[in-house]
Amino acid sequence: MQFFRRKSAAVASESTSSSKPNASHDPSPAPIVAEQKITFMAVLLGIVASIGGFIGQISGFFAMEDYGRRFGVWDEVKHEWAFSPARNGAIVGLLCAGCLVGSLVAGRIADTMGRRIAISVSSLFTMIGTIIEISSETSWAQYAIGRLVTGFGIGSLSVLVPMYQSESSPAIIRGVLISTYQLFITLGIWVAEMVNFGTHEMEGSASWRIPSGLMFLWALILGGGILFLPESPRYAYRIGNEEEARRTIAKLAGLNTDAPSVNLQINEIREKLDEERAGAETKWWEIFTGPRMLYRTLLGVVLQSGQQLTGVNFFFYYGTTIFKSTGLSDSYVTQIILGSVNVFCTFGGLWVAKNCGRRNALMIGAAWMMMCFLVYSFVGHFVLDSTNPANTPGAGAVLVTFSCLFIVAFATTWGPLVWAVVAELYPARYRAPAMAVATASNWFWNFMMSFFTRFITDSIGYLYGLVFAGCCGALVLIVFFFVMESKDRTLEEIDTMYLLRVNPISSAKWRPDNAAKDTATSSGRDSAQDSDRADHIEKGVVV
């Protein structure tokens, strides 16, 4: 740590004495945010990149007649086409397995090809997987393999899109733009549910091939559209294109290329890059051994895992099955209700990302979801008549109501904000591999839930919700003690906060000028300690 503090002091000294353009008049971060504008190009960048969230949604296929006839088995007892828990879990879970692999390799692809090209290539994998799916005739294994290939592309996009958005977006709307990725995930779920509702009564394969085939369209739009957008300015600078980086920062913020905030951001990027290049070549394992990186890497893994362990996909993967058991006449309608609540409230999540602190929103959201799952679990287990749900219509209404209340909490907090917080956690040199590991943990738990949920619910039923309630309670404490407040801060400023070990509980009050004081104090303390050691050595004292 002493090495970092001395190095920071040296960098600060060099920055003060440098002759960079307008360096002596660089504004503080608050005026930077005030100077930046919300531009059409920045919004377009966020929207086009977020189309990646549209891809890969599946819910409701298992209840379709043609889908069951082709890929399921006949149940002689219920006289309908059915899927065993293993086959059900494999079809849903192989998508997540592909996502896990894709997210792990995404960092290397991004650093090799650049952010834009990597997004386009990942979209291509999604299109290939979709073709394999819709060309399946009667082999459920072929369809599952298609999901695996599709998942590879989706998993890669889940790392690349927030990374590209975080590195490109002006600080004034960075949280909102990264959160649009979650918005498009919810829109994708909602569109999938609407399409399923419109096609589920069709005779023939159109009932499921149309919803599956739409993924090809979204991937085509994303893969082609991203090529018309600028490269991430931070990636452009790292490969030597400083003028391109300057032009992109200025264009996205609606400023001139020589504006004070543009100069400051270029200087911050330069200083961080100089610090990185002063050391040895970066290795992937340094996301665990680099300065303050073990803390941040584990925090990112916990937050991304936590997004899944809130239990949200318990509703969306198996929603039609869950609500059919409550006695509702058309479970597709219930899913549309949930999806509509999800979409509507995610727009509220964009407002939260822009106007509220990350910490408070995440803590309130987790506590809210915990309460919903407690009610859901106890009512479902002790009140609902699982044999004939029509005998307890009130209990069924409570389950749907608290499912909607849960979605409200998730869509306004843990849905959009986790992507923003994790994308802001890491310095440029470690961002790609660290985000890959964090996002891989999200897909790991996504896979675990999608595969094992049927087995668990068949065993313990609605009490499964108590597991998620406990996870939500733990997430409240994790955010309170470990997550920094990063709203309206530059990525370089956030990095400094973690390196200086700012107290997360009071991090909202931290200001950049405190860094200079902390560095000066630490350097003075280190110098005094060095002087004391020298005096002891001269006197022949061993310390």
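These numbers come from a predicted model, not from an experiment. Residue indices follow the written sequence of each chain, beginning from 1 at its first position. Only residues with pLDDT of at least 70 get local features here, since the model is predicted, and only at 80 or more are side-chain atom pairs given and counted; chain-wide, interface and lining totals rely on the full set of residues. Each side-chain value is worked out from all heavy atoms of the structure, with water and hydrogens disregarded.

**Quick notes on the overall build of the protein chain**
Move 1: Where helices and strands are cited, they refer to DSSP runs of H or I of at least four residues and of E of at least two residues respectively, numbered from the N terminus. A tally of regular secondary structure across the protein chain gives 24 helices and two strands.
Move 2: Relative accessibility thresholds used throughout: buried, under 20% of the residue-type maximum; exposed, over 50%; partly exposed, between the two (1.4 Å probe, protein chains only). Burial analysis of the protein chain (543 residues in total) assigns 55% to the buried set.
Move 3: Throughout, a residue-residue contact means that at least one pair of heavy atoms, one from each residue, lies within 4.5 Å. In the protein chain, the share of contacts with a sequence separation of at least 24, taken over all contacts with a separation of at least 6, comes to 80%.
Move 4: The Shrake-Rupley method, run with a 1.4 Å probe, gives the accessible areas here. Residue values count only the displayed protein chains as cover. Summed over its atoms, the accessible surface of the protein chain is roughly 21,900 Å², and 65% of this surface lies on carbon and sulfur atoms.

**Observations concerning the environment of Gly-339**
Move 1: Mapped onto the elements, Gly-339 comes out in helix α17 (residues 331-355).
Move 2: On the accessibility criterion, Gly-339 (0% relative accessible area) is buried.
Move 3: Residues Gly-339 and Leu-187, 152 residues apart in the sequence, show an inter-C-alpha distance of 8.0 Å.

**Here we look at the pattern of salt bridges**
Move 1: A pair is scored as a salt bridge if a Lys or Arg side-chain nitrogen falls within 4 Å of a carboxyl oxygen belonging to Asp or Glu. Using the criterion set out here, one finds 17 salt bridges in the structure.
Move 2: With a shortest N-O distance of 3.0 Å, Arg-270 and Glu-242 are connected by a salt bridge. Separated by 28 residues along the polypeptide, Arg-270 in helix α12 (residues 260-278) and Glu-242 in helix α11 (residues 242-253) bring together distant segments of the chain.
Move 3: Judged by its relative accessible area of 18%, Arg-270 is buried.

**Topic: the environment of Ala-409**
Move 1: Note on placement: Ala-409 falls in helix α19 (residues 393-412).
Move 2: Each C-alpha atom, one on Ala-409 and one on Gly-365, is 5.2 Å from the other, the two residues being 44 residues apart in sequence.
Move 3: Ala-409 has contacts with Gly-365, Trp-368, Met-369 and Trp-414, leaving out every residue within four places of it along the chain.

**Some points on the side chain of Asn-442**
Move 1: Mapped onto the elements of the fold, Asn-442 is located in helix α21 (residues 428-460).
Move 2: For the purposes of these results, a polar contact is taken to be a pair of N or O atoms within 3.5 Å, where, inside protein, one atom must be able to donate a hydrogen and its partner to accept one; residues adjacent in sequence count only when each atom of the pair is a side-chain atom. Within the local environment of Asn-442, its side chain forms a polar contact with the side chain of Gln-304, the two groups lying 2.8 Å apart.
Move 3: Setting aside residues no more than four positions away along its own chain, Asn-442 makes contact with Gln-304, Gln-307, Gln-308 and Trp-419.

**Considerations on unusual backbone geometry**
Move 1: Of note, Asp-488 is a non-glycine position whose phi angle comes to about 65°, a positive value.
Move 2: Within the secondary structure, Asp-488 is located in the loop between α22 (464-482) and α23 (491-499).
Move 3: With a relative accessible area of 29%, Asp-488 lands in the partly exposed category.
Move 4: You will see that Arg-501, though not glycine, has its phi angle at about 55°, which is positive.
Move 5: Inspection of the secondary structure assignment puts Arg-501 in the loop between α23 and α24 (512-538).

**Quick word on the nonpolar core**
Among soluble globular proteins, nonpolar side chains are generally buried collectively.
Move 1: Among the nonpolar cores identified, the biggest contains 107 residues, and Leu-303, Phe-406 and Trp-414 are the most heavily contacted of them.
Move 2: Residue contributions to this core peak at 10 residues, all from α19. Definition of nonpolar core: a set of buried residues of the types Ala, Val, Leu, Ile, Met, Phe, Trp, Tyr and Cys, connected through side-chain atoms within 4.5 Å.

**Thoughts on a nonpolar patch on the surface**
Move 1: On the surface, a nonpolar cluster with roughly 540 Å² of combined accessible area is contributed by Trp-284, Trp-285, Phe-288, Leu-294 and Leu-298.
Move 2: Structurally, Leu-294 can be placed in helix α14 (residues 293-309). Within the patch definition used here, like charges are joined within 9 Å and nonpolar side chains (Val, Leu, Ile, Met, Phe, Trp, Tyr) within 5 Å, considering only residues with over 30% relative accessible area and no salt bridge.

**A word on the packing of α14 against helix α20 (residues 414-424)**
Move 1: In this description, a line fitted to the C-alpha atoms serves as the axis of each element, helices being fitted only across the stretch in contact, and the angle between N-to-C directions of two axes falls anywhere from 0 to 180 degrees. Remark: α14 packs on α20, axes separated minimally by 10 Å, with the N-to-C direction vectors making an angle of 165°. Taken together, the axes of α14 and α20 are roughly antiparallel relative to one another. As α14 runs across α20, the sense of the crossing is left-handed. Contacts between α14 and α20 involve Gly-300, Leu-303, Gln-304, Gly-306 and Gln-307 on the former and, on the latter, Trp-414, Gly-415, Val-418, Trp-419, Val-421 and Val-422.
Move 2: Charged residues are taken to be Asp, Glu, Lys and Arg, nonpolar residues to be Ala, Val, Leu, Ile, Met, Phe, Trp, Tyr, Cys and Pro, and polar residues to be all remaining types, Gly included. Looking at the contact of α14 with α20 residue by residue, the class counts come to six nonpolar, five polar and no charged. For this classification, under 35 degrees means roughly parallel, over 145 means roughly antiparallel, 65 to 115 means roughly perpendicular, and everything else is oblique. For any helix crossing, the convention is left-handed if the near helix is rotated counterclockwise from the far helix by under a right angle, and right-handed if that rotation is clockwise.

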